[in-house]
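Here is what each chain is made of, one letter per residue.
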Amino acid sequence: NDAAAIQAAVDAAGGTGGSVVLSGGTFLSGAITLHSGMTFFVDSSATLLGSANAADYPTATPATGNTQLSNCQRALLYADGVDQLTIDGGGTIDGQGDSFSGVEATRPMLVWAVLSQHVTVQHLYLRKGAVWSLVLMESDHVLIDDIDLQSNGITHDGIDLVDGSDVTVTRAQIDAGDDAMCLKSGVRRGLVGVTISDSVFTGNNGGSNGIKLGTATYSAFTNITVHDVWVKDVQYAAMAVESRQGSDISQVA
């Protein structure tokens, strides 16, 4: 288990504008906490392999009352309150999700950034998150670009955007066991200014929806644009727009 060595490198790089680079092999790890002002780079020659031991993922407690914390509590790569973070590299992040069972909160996400800004996740293969795979919660100025993500199993979403503003998802190829692209709100902030484009969303073994607004709708969804997206092989809807708690949904194109 390389977690201690990786975390030491991340702690040294945080705030410097520098990078932590994984290359030339497979690196087994439990939870890693990322910092502001750095790049976490998984080279195309490397795989970050999530530990199959649930004890290697402590429960995170970000400073928010977001209702979706009932599901989001553990992650392989975790960033809380960061600014200027990039996760990049062309390599693979594999969560060994088939090794986990139980309720959602006990299973680790692959990547979870919360209360953060200027976060970029790009050029990566994401495999088998144990629950939602890539989660941006209450974060602003986010770019998700050129992601190939595969997950399977119930409640194994692809990308989840939970509150925040100025979020772009482009060139994503998602094959999910549940909703491939899911927009949610669990606090008063809501989601404002989201663009999803040039992507393919499919269902793995009957995944639920291609794009879904409304699993949780505590606050409003405003200025949401979806264009040049292909959805296939999903169980329910290519795109579902739902206001389950009565929130306003407007300017959806």
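Located above this text is the structure these notes cover.
Along each chain, numbering runs from 1 in the same order as the chain's sequence is written. pLDDT decides what is reported in this predicted model: residues at 70 or higher carry local features, side-chain atom pairs at 80 or more are listed and counted, and totals for whole chains, interfaces and linings draw on all residues regardless. Side-chain measures here rest on the full set of heavy atoms in the structure, leaving out hydrogens and waters.

Q: Give a detailed account of the overall build of the protein chain, specifying residues and quantitative values.
A: What counts as a helix is a DSSP run of H or I of at least four residues, what counts as a strand is a run of E of at least two, and both are numbered from the N terminus. Of regular secondary structure, the protein chain possesses one helix and 18 strands. Throughout, radius of gyration means the C-alpha value; the globule benchmark is 2.2 Å times the number of residues raised to the power 0.38. Taking 2.2 N^0.38 as the reference for a compact globule, 253 residues should give roughly 18 Å; the C-alpha atoms of the protein chain span a radius of gyration of 17 Å, in line with that estimate. The principal-axis extents of the C-alpha atoms in the protein chain amount to approximately 45 × 35 × 35 Å. Here the term buried applies to any residue with accessible area under 20% of the maximum for its type, exposed to any over 50%, and partly exposed to those in between, with areas from a 1.4 Å probe on protein chains only. Across the 253 residues of the protein chain, 55% fall into the buried class. In what follows, residue pairs with any heavy atoms lying within 4.5 Å of each other are defined as contacts. Sequence separation of 24 or more characterises 72% of the internal contacts of the protein chain that already satisfy a separation of 6 or more. All accessibility values rest on the Shrake-Rupley procedure with a 1.4 Å probe; residue burial counts only the protein chains present in the view. Only carbon and sulfur atoms are counted for the fraction: they give 47% of the accessible area of the protein chain, which is about 9400 Å². The charge count treats Lys and Arg as positive and Asp and Glu as negative. His and the chain ends do not count. Note on charges: their place is set at NZ of Lys, CZ of Arg, CG of Asp or CD of Glu. Averaging the coordinates of the 11 positive side-chain charges in the protein chain and doing the same for the 27 negative ones gives two points 7 Å apart.

Q: Outline the environment of Gly 65, supporting the account with residue identities and numerical values.
A: Among the secondary structure elements, Gly 65 is positioned in the loop between strand S5 (46-50) and strand S6 (75-80). The spacing of Gly 65 and Val 42 is 23 residues in sequence and 32 Å in space, taken between C-alpha atoms. Apart from residues no more than four positions distant in its own chain, Gly 65 is found in contact with Gly 186 and Val 187.

Q: Residues and numbers for the nonpolar core, please.
A: Residues enter a nonpolar core if they are buried and are Ala, Val, Leu, Ile, Met, Phe, Trp, Tyr or Cys, with the set joined through side-chain atoms within 4.5 Å. Within the largest apolar cluster, 56 residues are counted, with the highest numbers of intra-cluster contacts made by Phe 40, Ile 159, Leu 161 and Leu 183. With seven residues, the top contributor of residues to this core is strand S12 (residues 159-176). Setting aside its immediate chain neighbours within four residues, Leu 161 contacts Leu 136, Ile 144, Val 167, Val 169, Met 181, Cys 182, Leu 183, Lys 184, Leu 191 and Val 194. Listed in part, the 13 residues of the second largest apolar core include Cys 72, Met 109, Trp 112 and Val 131.

Q: Please set out unusual backbone geometry residue by residue, giving values where relevant.
A: For His 123, which is not glycine, the phi dihedral falls at a positive 55 degrees. In this structure, His 123 sits in strand S10 (residues 117-127). Even without being a glycine, Gln 251 presents a positive backbone phi close to 55 degrees. Note on placement: Gln 251 falls in strand S18 (residues 249-252).

Q: Tell me about a nonpolar patch on the surface, and name the residues and values.
A: Residues enter patches when their relative accessible area tops 30% and they take part in no salt bridge; the joining distance is 9 Å for like charges and 5 Å for the nonpolar side chains Val, Leu, Ile, Met, Phe, Trp and Tyr. Salt bridge, as used here: a side-chain nitrogen of Lys or Arg that lies within 4 Å of a carboxyl oxygen of Asp or Glu. A contiguous nonpolar patch, built from Met 239, Val 241 and Val 252 and spanning about 210 Å² of accessible area, is present on the exposed surface. Considering the arrangement of structural elements, one finds Met 239 in strand S17 (residues 239-241). What makes Met 239 partly exposed here is its relative accessible area of 33%.

Q: Could you give an account of the environment of Asn 66, naming the residues involved and the relevant values?
A: Checked against the element boundaries, Asn 66 lands in the loop between S5 and S6. When its relative accessible area of 3% is taken as the criterion, Asn 66 is described as buried. In sequence terms Asn 66 and Ser 185 are 119 residues apart; their C-alpha atoms lie 8.1 Å from each other. Sequence-distant contacts of Asn 66, that is, excluding residues within four places in its chain, are made with Met 137, Glu 138, Val 162, Asp 163, Gly 186 and Val 187. Any pair of nitrogen or oxygen atoms within 3.5 Å is treated as a polar contact; in protein, a donor-acceptor pairing is required on top of that, and neighbouring residues in sequence qualify only through side-chain atoms on both sides. Within polar-contact distance, the side chain of Asn 66 engages the side chain of Glu 138 at 3.0 Å.

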